[in-house]
Amino acid sequence: MSEREVPMTIAERVARVRERIQRACEQAGRDPDSVLLVAIAKNHPPEAVRAAAECGIRVIGENRVQEAAAKIPLCPGHLDWHMVGHLQSNKVRPALRLFSTIHSVDSADLLRRIARLAADEGVRPRVLLEVNVSGERSKFGLAPEQVPEVITAAQDLPAIELVGLMTMPPFFEQPEKVRPFFAALRELRDRCVRDLKVALPELSMGMSHDFEYAILEGATMIRVGTDIFGPRPPPKKPAMEESP
Ligand SMILES: *Cc1c(COP(=O)(O)O)cnc(C)c1O
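Residues numbered from 1 in each chain as written. Predicted model: local features only at pLDDT ≥ 70, side-chain atom pairs only at ≥ 80, totals over all residues. Heavy atoms only, no water.

In the neighbourhood of the ligand, the contacting residues comprise I40, K42, V84, M168, M207, S208, R223, V224, G225, T226 and R232. In this structure, R223 approaches the ligand through a side-chain N or O atom, which is 2.9 Å from a nitrogen atom. When the free accessible area of the ligand is taken as 390 Å², the share hidden by the protein chains comes to 90%. When the residues that make up the shell around the ligand are grouped by side-chain class, the tally is five nonpolar, three polar and three charged. (Near = heavy atom within 4 Å. Polar contact = N/O pair within 3.5 Å; in protein donor to acceptor, adjacent residues only side chain to side chain. Areas by Shrake-Rupley, 256 points an atom, 1.4 Å probe, with all protein chains shown as cover. Nonpolar A, V, L, I, M, F, W, Y, C, P; charged D, E, K, R; others polar.)

The subject of this paragraph is the packing of helix α6 (residues 147-154) against helix α7 (residues 179-196). When two helices pack together, their arrangement is captured by the angle between the axes and the distance separating the axes. The geometry of α6 relative to α7 is characterised by a closest axis approach of 11 Å and an angle of 50° between their N-to-C directions. Comparing the axis directions of α6 and α7 gives the class oblique. The handedness of the crossing between α6 and α7 is right-handed. Of the residues in α7, those touching α6 at V147, P148, I151 and T152 are L188, C192 and L196. (Axes fitted to C-alpha atoms, helices over the stretch in contact; angles between N-to-C directions. Helix = DSSP H or I, 4+ residues; strand = E, 2+ residues; numbered from the N terminus. Parallel < 35°, antiparallel > 145°, perpendicular 65-115°, else oblique. Left-handed = near helix turned anticlockwise from the far one by under 90°. Contact = heavy atoms within 4.5 Å.)

Let's shift gears to the pattern of salt bridges. Enumeration over the complete set of coordinates arrives at 15 salt bridges. Across the pair D120 and R93 runs a salt bridge, and its minimum N-O distance is 2.8 Å. Highlighted residues: D120 in helix α5 (residues 108-121) and R93 in helix α4 (residues 92-98), separated in sequence by 27 residues. Given a relative accessible area of 52%, D120 falls into the exposed group. Across the pair E121 and R97 runs a salt bridge whose closest N-O atoms are separated by 2.8 Å. In this pair, E121 is assigned in helix α5 and R97 in helix α4, connecting sequence segments 24 residues apart. (Salt bridge = Lys/Arg side-chain N within 4 Å of Asp/Glu carboxyl O. Buried < 20%, exposed > 50% of the residue type's maximum accessible area, 1.4 Å probe, protein only.)

Spelled out as structure tokens, the structure:
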């Protein structure tokens, strides 16, 4: 979008994203209802979330616990909130009070801590394991070869429901270049399901720039921020720095 164009409203953006989902699903021979649109609201105010909710968005993603804790009380109560960012172990308890689903579990230790505190809080979160399929050093996530052992650890933790895998592939100007990373996550999931006899129905992959390719490779949750809410404002400086 060039600077001079009139900015689209959130309603227009949501309609466009839905059309793109529809088209990608047609191409993939999939039911559009099999793709959950998670609207990533990080850095956007409660008013933006409310506008998205008015367009029928039901699931909102955040990447920081503190931001979500401030925002959620100011948003419609029927929304389902997902944590998609790196979760620090000292934020697990508040995260469990805010989020139904955590996409970004990247160690067996974190998984065990979530399970322990979930039992304590009387909740049963849905969790996904974040996998660093590209091996980029800058990325959070389990190495693909670590995934089976963490799934096995999860099988002993009834307080959590492990539902699938998530990835954040590298950024490429041409989104089709990301497709092999999406395929790699699906293949890893399929291998784990076959070898470990677990159900892992969810694949959380695809963002504004590339979600069509993720849908073609089997994404069941796409995480779309910019193409719903518009360009992200810079993060607000918290009044007090978050403790490390
Ligand atoms: C910000 C973010 C997104 C959304 O990115 P867009 O490119 O704005 O769609 C998706 N997933 C995670 C984990 C994010 O932090």
